[in-house]
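Structural characterization, general
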Amino acid sequence: MAILSIPDQNFQSKNPKEIQDFLAQKGILFDQWQAKETLSLQASQEEVLAAYEHVLQPYMNQNGYKVADVININSETPNYPAIRAKFLDEHTHTEDEVRFFVEGQGLFWFHLPNSPVFNVLCQAGDLISVPANSKHWFDAGKDNPSVKAIRIFIDMEGWVPHYTGSDLAQKYAAE
Ligand SMILES: [Fe+2]
C-alpha cells in the first residue's frame, strides 16, 4: 500500500485510486499487483519472478520490456551508505525506471516541471514506472533499509543515472 506525500503542501494520501490518478496526471504509471503464491523471505530471484510472471510477462510484452531482475537491499547489504548515496542524488535515465516492490519499502521522489516536489512510499505490491528523462531520486532510508524489488528494462544501458547536480534531494532528506 503506497502513500503519496507533497511535503510543501502538507498533503498526504493513502487512497490507491487517488494516488494512481495523481500520478497518471504527471505521466507516471502506478498499479498494484498480487503475488500468485506466497513467497518465503529467502525466495530466490527465480522464485520472485515466477510468482509474478502472470502479471509481469503481459506487462513486459505490451510495453516492449526485455529484461527483469530482482534487487535486494537490507541491513546486511555491504557498503549501504554508498549505495544509498548513488540513488539519492537527483538524476534522470534515458529509459523508464520500472520497479515492482515485492518486500519492504522505499521512497521515490519526483521533481517535475510545474509541480511541487512529491514522493511516493512504495511497499509490497506496488508497481511504479518513472518516465524517461524525469528528475527523481530514491531513498530506501538511512537506517535498517529493507527493499526487495523487481526491475524491468528495455536495455540495461538505459538505466545509467545522469545526475543533475541539484542538491534538492539532500534538502528534503534533511527535513
Ligand atoms: Fe533512478
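Since the structure is predicted, the reported quantities are computational estimates derived from the model, not experimental observations. All residue numbers refer to positions counted from 1 along the written sequence of the respective chain. Totals for whole chains, interfaces and linings use every residue, but because this is a predicted model, local features are given only for residues with pLDDT of at least 70 and side-chain atom pairs only at 80 or more, for both listing and counting. Here the side-chain values reflect all heavy atoms present in the structure, with hydrogen atoms and water set aside.

This paragraph deals with the environment of Asp-69. Only runs of H or I of at least four residues qualify as helices and only runs of E of at least two qualify as strands under DSSP, and these elements are numbered from the N terminus. Relative to the helices and strands, Asp-69 is located in strand β4 (residues 67-73). Whether two residues touch is decided by their heavy atoms; if any such pair falls within 4.5 Å, the residues are in contact. Residues in contact with Asp-69, not counting those within four places in the same chain, are Gln-45, Ala-149, Ile-150, Arg-151, Phe-153 and Met-156.

Note on the iron ion: its protein donors are His-91 (NE2), His-93 (NE2), Glu-97 (OE) and His-136 (NE2). The metal-donor distances range over 2.0 to 2.2 Å. Only nitrogen, oxygen and sulfur atoms qualify as donors, and only when within 2.8 Å of the metal (3.2 Å in the case of Na, K and Ca); with water excluded, sites may look incomplete. Read N to C, the donor residues that coordinate the iron ion are spaced as H-x1-H-x3-E-x38-H. Of this pair, His-91 sits in strand β5 (residues 91-92) while His-136 sits in strand β9 (residues 135-139), placing them 45 residues apart in sequence. Per-residue accessibility, obtained with a 1.4 Å probe over protein chains only, is compared with the maximum for each type, and a residue is labelled buried under 20%, exposed over 50%, and partly exposed between these values. Assessed through its relative accessible area of 1%, His-136 is described here as buried.

Another point: the UniProt feature "site: May play a role in transmitting local conformational changes" (unreviewed entry) in the protein. UniProt positions are given in the numbering used here, feature names are shortened, and annotations may be inferred rather than shown by experiment. Within this numbering scheme, the UniProt entry marks Asp-96 as carrying the feature "site: May play a role in transmitting local conformational changes" (unreviewed entry). Inspection of the secondary structure assignment puts Asp-96 in the loop between β5 and β6 (97-111). Here Asp-96 falls in the partly exposed class, since its relative accessible area comes to 27%. Identification of polar contacts relies on pairs of N or O atoms within 3.5 Å, with a donor-acceptor requirement for protein atoms, meaning one able to donate a hydrogen and the other able to accept it, and with residues adjacent in sequence counted only if both atoms are side-chain atoms. In terms of polar contacts, Asp-96 uses its side chain to reach the side chain of Tyr-65, at 3.1 Å.

What follows deals with the pairing of strand β1 (residues 3-6). Residues Ile-3 and Ser-5 of β1 are buried on one face, and the alternating residues Leu-4 and Ile-6, pointing to the opposite face, are buried as well. The pairing criterion is simple: DSSP has to find at least two bridges between the two strands. Across 3 bridges, β1 lies against strand β7 (residues 118-123) in antiparallel orientation. When the sheet's bridge partners are listed, Ile-3 is paired in β7 with Leu-121. Sheet topology places β1 next to strand β2 (residues 11-13); 3 bridges connect them, and they run antiparallel. Of the residues in β2, the one forming a bridge with Ser-5 is Gln-12. Counted between consecutive antiparallel strands, the loop separating β1 from β2 contains 4 residues, among which Asn-10 sits at a positive phi close to 50 degrees.

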